[in-house]
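# Examining the three-dimensional arrangement
This is what each chain is made of:
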Amino acid sequence: MVDRVAVIGAGMAGLAAARRLREAGVRVALFDKSRGLGGRMATRRMDGWQFDHGAQYLTARGPRLAGLVAGWCRAGTAAPWFEGAFVGVPGMSAPLRTMLDGETVVTACPIARLTHDRAGWSVHTAEGPVATDGNGRFAAVIVAVPAPQAVPLLESAGIAMPELERVRYAPCWALMLAFGAPVGLDFDRLRIDEGEIAWVARDGAKPGRAVPGDAIVVHAAPDWSRRHLEWPADRVVPELLERFRVLVGSRAEPVLAVAHRWRFAQVEVAADRPCLWDAERRLALAGDWCLGPRVEAAFDSGEAAADRVLMALDIRPTG
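Here we summarise the structure given alongside this text. Every chain's residues receive numbers from 1 upward, in the order its sequence appears when written. Owing to the predicted nature of the model, reporting of local features is limited to residues with pLDDT of at least 70; listing and counting of side-chain atom pairs is limited to 80 or more, with chain, interface and lining totals taken over all residues. Here the side-chain values reflect all heavy atoms present in the structure, with hydrogen atoms and water set aside.

### Thoughts on unusual backbone geometry
So the rule is basically this: Helix and strand definitions follow DSSP, with helices as H or I runs of at least four residues and strands as E runs of at least two, each counted in order from the N terminus. Residue burial is assigned from relative accessible area. The probe radius is 1.4 Å, only protein chains are included, and a residue is buried under 20% of its type maximum, exposed over 50%, and partly exposed in between.
Put simply, valine 89 and proline 90 share a cis peptide bond, and its omega is 10 degrees. Positionally, proline 90 belongs in the loop between β6 (85-88) and β7 (104-106). If you check the backbone angles, aspartate 272 has positive phi at about 60 degrees while not being a glycine. Summarising the element assignment, aspartate 272 is placed in the loop between β16 (256-269) and β17 (276-278). Phi at arginine 282 is positive, roughly 60 degrees, even though this residue is not glycine. In this fold, arginine 282 is placed in the loop between β17 and β18 (283-285). With relative accessibility at 30%, the residue arginine 282 sits in the partly exposed group.

Given below as structure tokens:
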């Protein structure tokens, strides 16, 4: 292993970048503000229930991700859900853990500042430098977080990338509902183009799930989510629950009802670049916001950012 690179963000883009770097022999330190991995490919577990409350599935159109997904399916950490769509097993985040192999991973660590000097890059929380091997000597940094969260990190490093200004996201309130008995829905998934609800899925109908009744995820439409973005979760729950009941024609009472706010849920306007790159200081930005609103866009962007770093380090990418 040579050099050491910091990757900030452990969603699909960050994990793809870390994997690509590690395959080329580069040591990686991965930082994420959350306690787990996966970003919006998240699985929430509560009281014996589980919900894929972020990304519902992924598609793999390009050969790089398709090959990886095929391996996940052979290993049992992913499975097809419907034509062209795959889910993690037993949850969406499951296959992402297999993308790690020896990297230093620091979770529950919100990076607030980046600094650079002759020795290399340093990453800092609000309290100061992170105490991990290589900090202060990172040869490059890949920032793989939503574009609005990347802006203050760039500013702390004295870097401006105007392409970030064009990026726009839609937020999403997600409602997780657990019912002790099947609700009687006549669908496993439903996409809705108009109204206040955009998506409903029976998580228990996905491959590899075992639930005693019905575990259902409801995604509010972007306009509704924008209008109620700052509502507390306990106020969102009854509002979305009532809309779900009207939609499906059921008055069943859930045994569990929890809402989660995704501020940066779906890319509406992308940067239209595989990644962003500051060659002078070896800093790359990656994410689905570079290419478009798909999990594969995040994967492709992460790999593109890693390839930029490898070129700068004069290392030939593998594969």
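### Quick look at the pattern of salt bridges
The line we're drawing: What counts as a salt bridge is simple: a side-chain nitrogen of Lys or Arg found within 4 Å of a carboxyl oxygen of Asp or Glu.
As enumerated under the stated definition, the model contains 23 salt bridges in all. Among the salt bridges present, the one from arginine 209 reaches aspartate 52, with a minimum N-O distance of 2.5 Å. Taken together, the positions of arginine 209 in the loop between β14 (197-202) and β15 (214-220) and aspartate 52 in the loop between β4 (49-51) and α2 (63-75) put the pair 157 residues apart, joining distant regions of the chain. Counted as one network, the salt bridges with shared partners bring together Arg19, Glu23, Arg64 and Glu303.

### A few points about the packing of aromatic side chains
Test applied: Two aromatic rings from Phe, Tyr or Trp, using only the six-membered ring of Trp, form a pair when their centres are within 6.5 Å; if the ring planes differ by under 30 degrees the pair is stacked, by over 60 it is edge-to-face, and anything between is tilted.
Taken as a whole and judged by the stated rule, the model has 9 aromatic pairs. An angle of 80 degrees between the planes, with centres 6.2 Å apart, marks the rings of phenylalanine 31 and phenylalanine 138 as edge-to-face. Of the two residues, phenylalanine 31 sits in strand β2 (residues 26-31) while phenylalanine 138 sits in the loop between β10 (128-129) and β11 (140-143), which places them 107 residues apart along the sequence. In this structure phenylalanine 31 comes out as buried when scored by relative accessible area, which is 0%. In this structure phenylalanine 138 comes out as buried when scored by relative accessible area, which is 0%. Centroid distance tryptophan 81 to tryptophan 199: 6.5 Å. Interplanar angle 75 degrees. Geometry classified as edge-to-face. One end of the pair, tryptophan 81, is in strand β5 (residues 78-82); the other, tryptophan 199, is in strand β14, and 118 residues separate them in sequence. Classification of tryptophan 81 by relative accessible area gives buried; the value is 12%. Take tryptophan 199: its relative accessible area is 6%, and that puts it in the buried class.

### Digging into the environment of tryptophan 121
To keep it simple, the criterion reads: Any N or O atom pair separated by 3.5 Å or less is treated as a polar contact, with the protein-specific requirement of one donor-capable and one acceptor-capable atom, and with residues adjacent in sequence counted only for side-chain atom pairs.
With respect to the helices, strands and loops of the structure, tryptophan 121 is situated in strand β9 (residues 120-125). The exposure class of tryptophan 121 is buried, given its relative accessible area of 0%. The spatial distance from the C-alpha of tryptophan 121 to the C-alpha of cysteine 109 is 17 Å, given a sequence separation of 12 residues. Of note is the side chain of tryptophan 121, whose polar atom sits 2.7 Å from the backbone oxygen of arginine 281.

### Describing the sheet that holds β9
This is how the line gets drawn: By definition, two strands form a pair when at least two bridges between them are found by DSSP.
Spatially, 3 strands are ordered β8-β9-β10 in an open sheet, and the strand pairing comes out antiparallel. Every interior strand has two partners, whereas the edge strands, β8 (113-117) and β10, have only one. Across 5 bridges, β8 lies against β9 in antiparallel orientation. Opposite threonine 115, over in β9, you have serine 122 as the bridge partner.

### Section: the side chain of arginine 19
Rules: Two residues qualify as a contact provided that any one of their heavy atoms is within 4.5 Å of a heavy atom in the partner residue.
Position of arginine 19 relative to the elements: it lies in helix α1 (residues 12-23). Classification of arginine 19 as buried rests on a relative accessible area of 16%. Sequence-distant contacts of arginine 19, defined by excluding residues within four places in its chain, comprise Arg64, Leu68, Met99, Glu103 and Glu303.

### A closer look at the environment of leucine 21
Tracing the backbone shows leucine 21 in helix α1. Sequence-distant contacts of leucine 21, that is, excluding residues within four places in its chain, are made with Val5, Val7, Val26, Val28, Ile142, Ala306, Val309 and Leu310.

### What to know about α2
Inclusion rule: Helix span, as expected, comes to 1.5 Å for every residue beyond the first. Note that the arc is computed from the directions linking the helix axis to the C-beta atoms.
When the terminal C-alpha atoms of α2 are compared, their 18 Å separation across 13 residues agrees well with the 18 Å that a helix rising 1.5 Å per residue should span. Here α2 has its buried residues at Leu65, Leu68, Val69 and Trp72. What you see down the axis of α2 is that its buried residues fit within an arc of 100 degrees, all on one side. Set apart from the buried face of α2 by more than 90 degrees, the exposed residues are Pro63 and Arg74. Residues of α2 that are buried sit in contact with α1, β5, β6 and α7 (295-312).

### Some thoughts on the environment of glycine 287
Looking at where glycine 287 falls in the secondary structure, it is placed in the loop between β18 and α6 (288-291). Judged by relative accessible area, glycine 287 falls into the buried class, the value being 6%. The sequence separation of glycine 287 and glycine 302 amounts to 15 residues, and the corresponding C-alpha distance is 6.5 Å. Excluding its chain neighbours within four sequence positions, the residues that come into contact with glycine 287 are Ala13, Ala297, Ala298 and Ser301.

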